[in-house]
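# Fold and geometry: a report
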Amino acid sequence: MHATITLLPGDGIGPEVVAEGAKVLRAVATRWNHHFELREALLGGCAIDQLGTSLPDETVRLCASADAVLLGAVGGPRWDDPQAPDRPERGLLGIRKALGLFANLRPVQVYPAIVDASPLRPELLQGVDLIVVRELTGGIYFGEKRREACDGQERASDLCVYTTHEIERIVRVACELARGRRGKLTSVDKANVLETSRLWRRVATRVVREEYPDLQLEHMLVDAAAMHLLRRPADFDVIVTENMFGDILSDETSMLAGSMGLLPSASLGEARAGGGTRLGLYEPIHGSAPDIAGRGIANPLATILSVALLLRHSLGLEAEARAVEAAVQRVLAAGQVTPDIAPPGARPLTTAEVGDAVVAALHP
Ligand code: IPM
Ligand code: MG
């Protein structure tokens, strides 16, 4: 097949890990006879430095016209001034919104080879295989923000808004995923306090009852979910939740896998007319890690696993996606890993060496 993929290396370790993702994409193209056209664009701090804006119009254009987007990470201390008119994170939120990427998938798997990397006891991690489906373009992230003077004080507010339509479409994405998995859906909210959560719960209940009666749906308050994710993580299958709860819970679930350096994510829009595939933006869930940037020690596996999600969800190449995931498993089992997850005594590999190892382990 022919596909156009836009690369957004971003800041910090972003360019290093995206280089390995691109290496794997090129290897997949060669082995399966595809033609992937890779093109680069600026997003985040590097875009502020070079073009004076975190989200250049040209970047939006190159992403919107692509079949898929692979992103590294944005941000860093250089752009952290709270008074600055623009910030790298604004570019990230802006591209999600501009492309209509409302569904953020964050799968968490525990790889037996590195079970010791997790701070949790290994027996708790047995059988953990869950996915967080986070609503990505609504809620408190995008509601009206205000700062005003009030009785000699400063007052700030962030409005949390959800519509029926926004809830329905994200619940449907989660339901479709649950059907292909263990059939269990946990909808997380704070319905004992928040009006948006009460609407969320009612809509989720209706969508499952009317359209997915074969699924098992449970509702869980977000504070309880934070606790149960540590107490009995293997019980979860698909978790669906609003934007900010999903942000927080997905960092928590990343610790089940042991390293932020292993977790991929997919941000998807509506299905494209006529096909089962969607425009998607794929990125590791870790940040730009400025403290280790440029040293060749960043773990590229989260980005490479994001490439697998890209192949699956935006290009419809399931066999290729599985082959990349299997190659990552082999590399992990062989201990060919960066220092963050290297077993004691083993010689850790560099970022580029791990990428090469994945390419070598890739079999059609
Ligand atoms: C994430 C990040 C972003 C978010 C930040 C960088 C704006 O934490 O993708 O989870 O909060 O969505
Ligand atoms: Mg986050």
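Residues numbered from 1 in each chain as written. Chains lettered and ligands numbered in written order. Predicted model: local features only at pLDDT ≥ 70, side-chain atom pairs only at ≥ 80, totals over all residues. Heavy atoms only, no water.

## As for the sheet that holds strand E2 (residues 35-40)
Sheet architecture is open: 10 strands sit in the order E2-E1-E3-E12-E11-E4-E5-E10-E8-E9, paired in mixed fashion. Among the strands making up the open sheet, the edge pair consists of E2 and strand E9 (216-221). The mean angle between the axes of side-by-side strands here comes to 20°, regardless of whether they run parallel or antiparallel. Inspection of the sheet shows strand E11 (residues 264-271) paired to strand E12 (residues 278-284) by 6 bridges, in the antiparallel sense. Counted as the bridge partner of Ser-265 is Glu-283 from E12. (Pairing = 2+ DSSP bridges. Helix = DSSP H or I, 4+ residues; strand = E, 2+ residues; numbered from the N terminus. Axes fitted to C-alpha atoms, helices over the stretch in contact; angles between N-to-C directions.)

## Here's the deal with the pattern of salt bridges
Tallied over the full model, the rule gives 30 salt bridges. One salt bridge in this structure joins Arg-90 and Asp-86, with 2.6 Å as the shortest N-O distance. The salt bridge partner of Arg-155 is Glu-148, with a shortest N-O separation of 3.0 Å. Glu-148 sits in the partly exposed class, given a relative accessible area of 23%. Linked through salt bridges whose partners overlap, the residues forming this network are Asp-129, Arg-181, Arg-182 and Asp-237. (Salt bridge = Lys/Arg side-chain N within 4 Å of Asp/Glu carboxyl O. Buried < 20%, exposed > 50% of the residue type's maximum accessible area, 1.4 Å probe, protein only.)

## Here's the deal with the packing of aromatic side chains
Counted under the stated rule, the structure contains 1 aromatic pair. Look at Tyr-162 and Trp-200: their rings are 5.5 Å apart centre to centre, the planes differ by 75°, and that puts the pair in the edge-to-face class. Taken together, the positions of Tyr-162 in the loop between strand E7 (153-158) and helix H6 (164-179) and Trp-200 in helix H7 (residues 195-211) put the pair 38 residues apart, joining distant regions of the chain. Classification of Trp-200 by relative accessible area gives buried; the value is 1%. The positively charged end of Arg-134 is found above the aromatic ring belonging to Tyr-141, 5.2 Å away from the centroid. The cationic tip of Arg-169 hangs over the ring face of Phe-102; the distance from NZ or CZ to the ring centre is 4.2 Å. (Phe/Tyr/Trp six-rings, centres within 6.5 Å; stacked < 30°, edge-to-face > 60°. Lys NZ or Arg CZ within 6 Å of the ring centre and 35° of its normal.)

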